[in-house]
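Geometric and topological summary
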Amino acid sequence: MPDERRPRLTPPIADVRRAIRETLASLAAEDAGSLVLVALSGGADSLALAAATGFEAPRVGLRAGALIVDHGLQPGSDAIAERAAEQARSFGLDPVVVTRVSVVTDGEGPEAAARSARYGALDEAATELGASAVLLGHTLDDQAETVLLGLARGSGSGSLHGMAALSGRYRRPLLQIRRAQTRAFCVDSGLEAWADPQNSDPSYARVRVRERVLPVLERELGPGIAEALARTAAQLREDDDALDRMVDEFIEEICEPAEAGIAVSVAALRANPPALRQRAIRHVVSSEFGVTLTRAQTIAVARLVTEWHGQGPLDLPGIRVSRAHGTIVFTAV
């Protein structure tokens, strides 16, 4: 007789499971029998991720557990976390770890501070448990929102290429899955997802993008905007990766040590197109001094290469940049 407890295989369930299966199969090929962990909040996206992982992981020879981070930002957050832990156990996930964090803004906005605390807790728990990967429940909709926010902030390709499917120990299997599909997965599976009130709080820019901006774009420009933004992110990530590899290939050849810093050949920088020249400048400053330059600061440094008129050094945060003897010299201050 059929198992009445098993949900009927509807298209949303099949789509989510297929996405998880592809990610888990690649992990199993790298490290058979290893432990993967699901970052679970109890919301529809992570709940669908956890349920599908519990179903698929044993079929590819992986162990699967869950990590629940209680940010302590809302009344009853401990009960919400424990409920998510119970759901994880019902999916056969083991171990299931609940950890509470303190969110300290320290100059960050509340959303960024919560994210920093969350990833710190996930990293610590994954290391302690020896997990090969942590699965995150970001969807195609999250990707589209990230791209729009990056575009609005003028953050450059680093933001416009969105979230990576693979980033260190983190995997995002659902980046091609719509939020509506994860919600349908939960409904079809008889799962009750937690509705985070912050996800409807218009004081957050991401919520305004989700509830106001994207619907207007869909209405005025036609359907498929979220998918188009996600495709744009994928294409920009490919371009960004290619440019990074090109910089990595030649950067050491054009650099030499300098007193309290590093010098880069003017001729080599000038010989490259602006995209590579400016990327090389940012790479040197970031890798050598741990400083992230804005676009305006990067362009100012590039002018020492392309528009040299004998101007003096540039004083930027943490570094001084000058031109001398056919090189651009970066020194710590």
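Structure: above.
Residues numbered from 1 in each chain as written. Predicted model: local features only at pLDDT ≥ 70, side-chain atom pairs only at ≥ 80, totals over all residues. Heavy atoms only, no water.

Attention shifts here to the nonpolar core. Ranked by internal contacts, the top residues of the largest apolar core, which has 35 residues, are Val16, Leu24, Ile68 and Leu93. Elements supplying a minimum of two residues to this core: α1 (11–30), β1 (35–39), α2 (44–56), β2 (63–70), α3 (77–90), β4 (133–135) and α7 (179–189). When neighbours within four sequence positions are excluded, Ile68 is seen to be in contact with Leu40, Ala81, Ala84, Ala85, Val96, Val97, Val98 and Thr99. Counting 25 residues, the second largest nonpolar core, distinct from the first, contains Leu276, Ala280, Val301 and Val321. (Core = buried A, V, L, I, M, F, W, Y, C linked by side-chain atoms within 4.5 Å. Buried < 20%, exposed > 50% of the residue type's maximum accessible area, 1.4 Å probe, protein only. Helix = DSSP H or I, 4+ residues; strand = E, 2+ residues; numbered from the N terminus. Contact = heavy atoms within 4.5 Å.)

Using the criterion set out here, one finds 18 salt bridges in the structure. Two residues, Arg178 and Glu227, come together in a salt bridge whose shortest N-O distance is 2.7 Å. Of this pair, Arg178 sits in the loop between β6 (170–171) and α7 while Glu227 is found in helix α9 (residues 225–250), placing the two residues 49 residues apart along the sequence. For Arg178, a relative accessible area of 24% puts it in the partly exposed group. Residue Arg279 is joined to Asp244 by a salt bridge in which the shortest nitrogen-to-oxygen separation is 2.9 Å. Here Arg279, found in helix α11 (residues 274–289), pairs with Asp244, found in helix α9; they are 35 residues apart in sequence, far enough to count as distant. Classification of Asp244 as partly exposed rests on a relative accessible area of 31%. Residues joined in a network through salt bridges with shared partners are Asp142, Glu145, Arg179, Arg206 and Arg210. (Salt bridge = Lys/Arg side-chain N within 4 Å of Asp/Glu carboxyl O.)

Right, let's talk about the sheet that holds strand β3 (residues 96–100) for a bit. Read from one edge of the open sheet, six strands run β3-β2-β1-β4-β6-β5, paired in mixed fashion. Both outer strands of the open sheet, β3 and β5 (166–167), are each paired with one neighbouring strand and no more. Pairing of β1 with β2, which is carried by five bridges, proceeds in the parallel orientation. Note that in β2 the partner of Ala39 across the bridge is Leu67. (Pairing = 2+ DSSP bridges.)

Ordered by their spatial adjacency, five strands build an open sheet running β7-β8-β11-β10-β9, and the pairing between neighbours is antiparallel. Since the sheet does not close on itself, it has two edges, and those belong to β7 (255–258) and β9 (314–316), each with one partner. The average angle at which neighbouring strand axes cross in this sheet is 25°, direction not considered. For strand β10 (residues 319–324) and strand β11 (residues 327–332), the ladder comprises six bridges, and the chain directions are antiparallel. Of the residues in β11, the one forming a bridge with Ser322 is Val329. (Axes fitted to C-alpha atoms, helices over the stretch in contact; angles between N-to-C directions.)

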